[in-house]
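# Reading the structure
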Amino acid sequence: MSESAFSNRIVQSLLDTDFYKLTMMQAVLHNYPNVDVEWEFRCRNGEDLRPYLDEIKHQIELLCELSLSPEHLAFLERITFIKPDFLRFLGLFRFNTRYVKTTIENDELCIRLHGPWLHVILFEVPLLAIVSEVRNRHRYPDTLLSQARDRLYDKFEWLTTHATTDELAELKVADFGTRRRFSYRVQEEMLGVLKNDFPGQFVGTSNVHLARQLDLKPLGTMAHEWIMAHQQLGPRLIDSQIAALDCWVREYRGLLGIALTDCITTDAFLNDFDLYFAKLFDGLRHDSGDPVKWAEKCISHYQKLGIDPMSKTLVFSDGLNLPKALDIFRALRGRINVSFGIGTNLTADIPGIAPMNMVLKMTACAGQAVAKISDEPGKTQCKDPNFVAYLRHVFKVPDLPSPEKPA
């Protein structure tokens, strides 16, 4: 049966988001309930999204209808580290569009968030999913679920042809594809196929709603925003990463122990990731730069601290597909545990269709600029170049040329 890739509603529930938004939200409730933040949307490939402004605004208004049902709350209650007071707060939570401004500026779609971190934190993932699906409905209205499904089975066939049975038994893959999915229905369909037919180990999804619907494990810990915010919340800028990790440890007491390394480059992160944190956290997540070189740094760091790398896990989540994941797996097999979170390549890979390339990032916290300086030149994000320069100076990060500028 040929079914449309689209349904009436784009965002299905408050849980139709990445799990790490909820884990960070609980930590914000307990530690920073009154801190204001600002966020800005950016379309990285310069695509003209102006024709979709009215429909995007309409879908944002629909978010205000969402609330958590007793069944949703019962699902979350079974997760041991979700606290009762946070569940009560979520039971009352509603999206509020007073914190969202959607306009056209300089001939580009502009989305800005400004308000209490606690009340804007859940906007990021559904807003990106809305922009992506609204654009896809207009550009590719006749797309069928079968096209996405067939593409995924082609990938399975490639994997079974190129990987041995032993490799497949160890290859762990998860879905991290909510924010740039082609549509909700495509993500739902892909997860059903992955759960039933993936030739390796399919270990879960970042999407909490679909984890509940399909009896999968919800996955995720922290995002860049957690560490970025501490650039203005910690006692001193030089101690901001330590403050972020310390706060996380106090909140989760050893659970949710995968730390993100590339907020101010991995080198700067590892300088702060001492024996205390290296023992407490279960592993690290890669999100920019060369994945194998990054892994070698992490393995070397653990060894230098006297920690067996095979007791830790590296999670890879930067623009992955199955061939890349297999290459990384082979390079590191037997040296450290690895897992792969694949996003757009699972939920927005349909023949003849170009997926969105967009981000919605925190730009300020407590009225001051925050920045992300990733391991990949050109991915630096901050609206205040003076703050970036100061951040580089404090953490001794060299100012590398971006791909657009000559070295």
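Residues numbered from 1 in each chain as written. Predicted model: local features only at pLDDT ≥ 70, side-chain atom pairs only at ≥ 80, totals over all residues. Heavy atoms only, no water.

The name that UniProt assigns to the chain is Nicotinate phosphoribosyltransferase, with the source organism given as Pseudomonas syringae pv. syringae. Quoted verbatim from the Catalytic activity field of UniProt, the annotation for the chain is "nicotinate + 5-phospho-alpha-D-ribose 1-diphosphate + ATP + H2O = nicotinate beta-D-ribonucleotide + ADP + phosphate + diphosphate". The record in UniProt for the chain states the following under Pathway: "Cofactor biosynthesis; NAD(+) biosynthesis; nicotinate D-ribonucleotide from nicotinate: step 1/1." (UniProt positions renumbered as here; feature names shortened; annotations may be inferred.)

### Digging into the sheet that holds strand β9 (residues 337–342)
Paired through backbone hydrogen bonds, the strands of a sheet run either parallel or antiparallel to each other. Taken together, six strands build an open sheet; the order of strands is β5-β4-β9-β8-β7-β6 and the sheet is parallel. Sheet topology places β5 (201–205) and β6 (258–260) at the edges, where each strand pairs with a single neighbour. Each strand axis lies, on average, 25° off the axis of its neighbour in the sheet, ignoring direction. Pairing analysis gives three bridges linking strand β4 (residues 172–175) to β9, with the strands arranged parallel. Bridge pairing in β9 links A174 to G341. (Pairing = 2+ DSSP bridges. Helix = DSSP H or I, 4+ residues; strand = E, 2+ residues; numbered from the N terminus. Axes fitted to C-alpha atoms, helices over the stretch in contact; angles between N-to-C directions.)

### Side note on the state of the cysteines
Counting across every chain of the model gives zero disulfides. The cysteine C365 is free of any disulfide, with C263 supplying the nearest cysteine sulfur at 12 Å. A residue is classified by how much of its surface remains accessible, and C365, at 0% relative accessible area, is buried. (Disulfide = S-S within 2.5 Å. Buried < 20%, exposed > 50% of the residue type's maximum accessible area, 1.4 Å probe, protein only.)

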